[in-house]
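Fold and geometry: a report
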Amino acid sequence: MNVKLTYFPDLNDHSKAKIIKARIGTIRKIRADEQIKKMEIQKLANKIRGVLTGAIGITKSVSGIGVACPNEIASRLAICENCEIREGKKCGSCGCYIEHKTRLANEECPKGYWGPVPICEKR
Ligand code: SF4
């Protein structure tokens with residue numbers, strides 16, 4: 001790192017070293033703060049993405065777009081019903097609402113307990 005001390009020509013080496021250390025510390029803190037801000041923005045973006053994905057999934061489920069056949073939905077629900085990861089109405093792994101997640105044909109269990117099925121043609 002190149003730090004110029006042209007503003008303090010009369011300082012001894014010890015004082016210059018102290019100033020350089022302080023400036024390096026400030027630069028490191030600024031970089032760390034920038035890194036933290038980037039991580040917070042990334043977290044927020046992930047949250048927004050999750051909410052949008054969930055909203056799209058619920059909309060599809062409610063409107064019947066890309067829905068699985070009733071027997072497939074029932075079998076998925078039975079698996080989720082007894083799943084140790086389940087948290088009330090939501091999957092404890094992905095945070096999706098189980099009622100809607102199990103209805104969508106192309107969805108899959110994040111733990112691999114059930115997978116995607118063909119869209120139901122006879123509705
Ligand atoms: S989707 Fe999978 S992990 Fe989530 S509650 Fe259902 S069985 Fe469990």
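Cut-offs used in this document
Residues numbered from 1 in each chain as written. Predicted model: local features only at pLDDT ≥ 70, side-chain atom pairs only at ≥ 80, totals over all residues. Helix = DSSP H or I, 4+ residues; strand = E, 2+ residues; numbered from the N terminus. Rg over C-alpha atoms; globule rule 2.2 N^0.38 Å. Buried ≥ 20, exposed ≤ 12 C-beta atoms within 10 Å, placed from the backbone. Contact = placed C-beta atoms within 7 Å. Expected span 1.5 Å × (residues − 1). pLDDT = per-residue confidence, 0-100.

Notes on the overall build of the protein
Secondary structure assignment for the protein yields three helices and zero strands. N-terminal to C-terminal, the α/β element order of the protein is α-α-α. By the compact-globule yardstick of 14 Å for 123 residues, the protein is too spread out, its C-alpha radius of gyration being 27 Å. Out of the 123 residues in the protein, the part that is buried amounts to 10%. In the protein, of all internal contacts separated by at least 6 residues, the share reaching a separation of at least 24 is 49%.

Here we look at helix α1 (residues 13-63)
With 51 residues, α1 extends 74 Å between its outermost C-alpha atoms, agreeing within 8% with the 75 Å of an ideal straight helix rising 1.5 Å per residue. Counting buried residues in α1 gives one out of 51 residues, a small share hidden from the surface. Phi for Gly64, located one or two positions after α1, is positive at around 80°.

Digging into the confidence of the model for the protein
Model confidence for the protein is summarised by a mean pLDDT of 92, while 93% of its residues fall at 70 or above. Mean pLDDT values over the elements of the protein span from 94, in α1, up to 97, in helix α2 (residues 70-81).

Side note on the environment of Val117
With respect to the secondary-structure elements, Val117 resides in the segment after α3 (98-101). Overall, the presence of 18 C-beta atoms within 10 Å leaves Val117 in the partly exposed class. Residues Val117 and Ile79, 38 residues apart in the sequence, show an inter-C-alpha distance of 15 Å. With residues up to four places along the chain from it excluded, the contact list for Val117 reads Ala68, Glu72 and Ala105.

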